[in-house]
Amino acid sequence: MTTLTHATPTSSAFGTLVAETARDLFPGYFALVMATGVVSIACHLLGLRLIALPLVGIAWAAYLVLWGLTLARLVLFPRRIVEDLSNHQRAPGFFTVVAGTCVLGTQTAVVAGAEGVAAWLWYLGVGLWFVVMYAFLTAVTIRARKPTLSVGINGAWLIAAVATQSVVVLKGTLGAAAPPPPEVQFLCLAFFMIGCMLYLAIIPLIFYRLTFIRLSAVDFGPPYWINMGAVAITTLAGSILLLRSASWPLLADFVPFLRGFTLFFWAAATWWIPFLIALTLWRYLVRREPLRYEPTLWGMVFPLGMYTTGTLQLSRALDLPFLAAVPAVFIYLALLAWGLTFLGLLGRIGGTLLRANRRA
């Protein structure tokens, strides 16, 4: 009887904790999976297998937990999801579900060698892309009261481009052994161009906000690192298509275009890095904004890992071996950022469980 008496409030407290976590779940939390996956891939490509393999387990655990919380939120708090979907600041976070799925698929194929599982994740990612893309665009378009540009847009909007290119990266990775049907080759090429279009359409609005609208230190948050991350994954997608061009017949006529556009986006990603570092230092050192864990920090880790991987693959696609020196350094920056952010996450989880235990 004593065991049953103690089990009831404990299980009740756990259920309450899960419900509260699901209710307030940040839509962009799948960036945790994105960051973990791409850092793992970069480690694998650079020969750091002892680090890459455990990150596969962490990414899968995070992915399944986040899906569980998302489904619980959909069942218990559907209105919250609808509200987030029409919120110009929070809604772009839903694209991390797509990108997280495809990056996890790429990690599963490259690091774990489970291409069958990765193939299923690609189909899921494509389906999620259509759902999230058009639900998001419809919701923010038909919204009656819209925010001003200074309030409504930030770097998180570029996750739409990231999600689009992640579909290309995963399928290109799976297409190394044998070329997919021409229809799928065409789809990948079209997705690559859609991702480029989305970046080129959104980045002028973000650049305008940065340079012509007065912003506070709080406004220069981690999501602005997606400015670089979006072009870094575009570099990776273009590089993979170039590496597949010899075996994917449909790509042959587009090789010159892919070479130029891929190098253009890598140059853009590289250009962003000093600027973003300066803004980050200004926020935390000059304006003394407290550095504490927040889910959006994964949006800073992901671009560092993606720039590492994208540059490495670009050096191979364009036969520029001197570029390989860049990822050899950046991988340690990405690992440091991932490790510190993961420790922050563990601290947040520990604090939440401690408070829940006290309430129980």
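So, how was this worked out
- Residues numbered from 1 in each chain as written.
- Predicted model: local features only at pLDDT ≥ 70, side-chain atom pairs only at ≥ 80, totals over all residues.
- Heavy atoms only, no water.
- Helix = DSSP H or I, 4+ residues; strand = E, 2+ residues; numbered from the N terminus.
- Buried < 20%, exposed > 50% of the residue type's maximum accessible area, 1.4 Å probe, protein only.
- Contact = heavy atoms within 4.5 Å.
- Areas by Shrake-Rupley, 256 points an atom, 1.4 Å probe, with all protein chains shown as cover.
- Lys, Arg positive; Asp, Glu negative; His and termini not counted.
- Charge placed at Lys NZ, Arg CZ, Asp CG, Glu CD.
- Expected span 1.5 Å × (residues − 1).
- Disulfide = S-S within 2.5 Å.
- Polar contact = N/O pair within 3.5 Å; in protein donor to acceptor, adjacent residues only side chain to side chain.
- Patch = residues over 30% accessible without salt bridge, like charges linked within 9 Å, V, L, I, M, F, W, Y side chains within 5 Å.
- Salt bridge = Lys/Arg side-chain N within 4 Å of Asp/Glu carboxyl O.
- Core = buried A, V, L, I, M, F, W, Y, C linked by side-chain atoms within 4.5 Å.

*Asks:* Is there a simple way to explain the overall build of the protein chain in this structure?
*Replies:* Helix and strand counts for the protein chain come out as 13 helices and 0 strands. The helix and strand sequence of the protein chain, counted from the amino end, reads α-α-α-α-α-α-α-α-α-α-α-α-α. Projected onto the principal axes, the alpha-carbon positions of the protein chain cover approximately 70 × 50 × 40 Å. Of all 360 residues assigned to the protein chain, the portion counted as buried reaches 52%. Contacts in the protein chain between residues far apart in sequence, at least 24 positions, make up 84% of those at least 6 positions apart. Total accessible area on the protein chain stands at roughly 16,400 Å², and carbon and sulfur atoms take up 70% of it. Mean positive and mean negative side-chain charge positions of the protein chain (23 and 11 charges, respectively) differ by 9 Å.

*Asks:* Could you clarify how one ought to interpret helix 8 (residues 159-174) in this entry?
*Replies:* Residue pairs three or four apart in sequence face the same way in an α-helix, which turns once every 3.6 residues. Compared with an ideal rise of 1.5 Å per residue, which puts 16 residues at 22 Å, helix 8 spans 22 Å between its outermost C-alpha atoms and is within 8% of the ideal. The buried count for helix 8 comes to 16 of 16 residues, which makes it a mostly enclosed element.

*Asks:* Could you clarify how one ought to interpret the state of the cysteines in this entry?
*Replies:* Throughout this description, disulfide means a covalent bond between two cysteine sulfur atoms. All chains considered together, the criterion is met by 0 disulfides. C188 carries a free sulfur, and the closest cysteine sulfur to it, the one in C102, is 10 Å from it.

*Asks:* For this particular structure, what's the right way to read the side chain of T341?
*Replies:* Tracing the backbone shows T341 in helix 13 (residues 325-359). Given the relative accessible area of 7%, T341 is considered buried. Side-chain polar atoms of T341 contact the backbone oxygen of A337, separated by 2.7 Å. Beyond its immediate stretch of four places on either side in the chain, T341 contacts Y293, L297, W298 and V301.

*Asks:* Help me out: how do you make sense of a nonpolar patch on the surface in this one?
*Replies:* There is a patch of nonpolar side chains on the surface, built from L336, L340, L343, L346, I349 and L353 and spanning about 590 Å² of accessible area. You can see I349 is positioned in helix 13.

*Asks:* What's the story with the environment of A42 in this structure? I'm lost.
*Replies:* As for its position among the elements, A42 is in helix 2 (residues 31-45). By relative accessible area, A42 is classed as buried at 3%. For A42 and E115, which are 73 residues apart along the polypeptide, the C-alpha to C-alpha distance reads 18 Å. Look past the residues within four positions of A42 in its chain and what remains in contact with it is G305, T308, T309 and I331.

*Asks:* What am I meant to see in the pattern of salt bridges here?
*Replies:* Opposite charge on two side chains permits them to pair, given that their charged atoms come into close proximity. Counted by the stated rule, this structure contains 4 salt bridges. R23 is paired through a salt bridge with D24; the nearest N and O atoms lie 3.0 Å apart. Residue R23 is classed as partly exposed on the basis of its relative accessible area, which comes to 29%. What makes D24 partly exposed here is its relative accessible area of 44%. A salt bridge links D84 to R73; the nearest nitrogen and oxygen atoms lie 2.7 Å apart. With D84 in helix 4 (residues 78-85) and R73 in helix 3 (residues 49-76), this residue pair connects regions lying 11 residues apart in the sequence. One connected set of salt bridges, linked through shared partners, spans R23, D24 and R80.

*Asks:* Where do I start with the nonpolar core in this structure?
*Replies:* Most often, soluble globular proteins have nonpolar side chains that are buried together. With 121 residues, the main nonpolar core has V39, V162, Y199, M228, W298 and F302 as its most contacted residues. For this core, the element with the highest residue contribution is helix 9 (residues 182-212), accounting for 12 residues. Sequence-distant contacts of V39, defined by excluding residues within four places in its chain, comprise L55, V301, G305, I331, A334, L335 and W338.

*Asks:* Looking at this model, I keep getting lost on the environment of P181. Mind explaining?
*Replies:* As for its placement among the helices and strands, P181 is situated in the loop between helix 8 and helix 9. Measuring from C-alpha to C-alpha, the distance between P181 and F265 comes to 27 Å, with 84 residues separating the pair along the chain.

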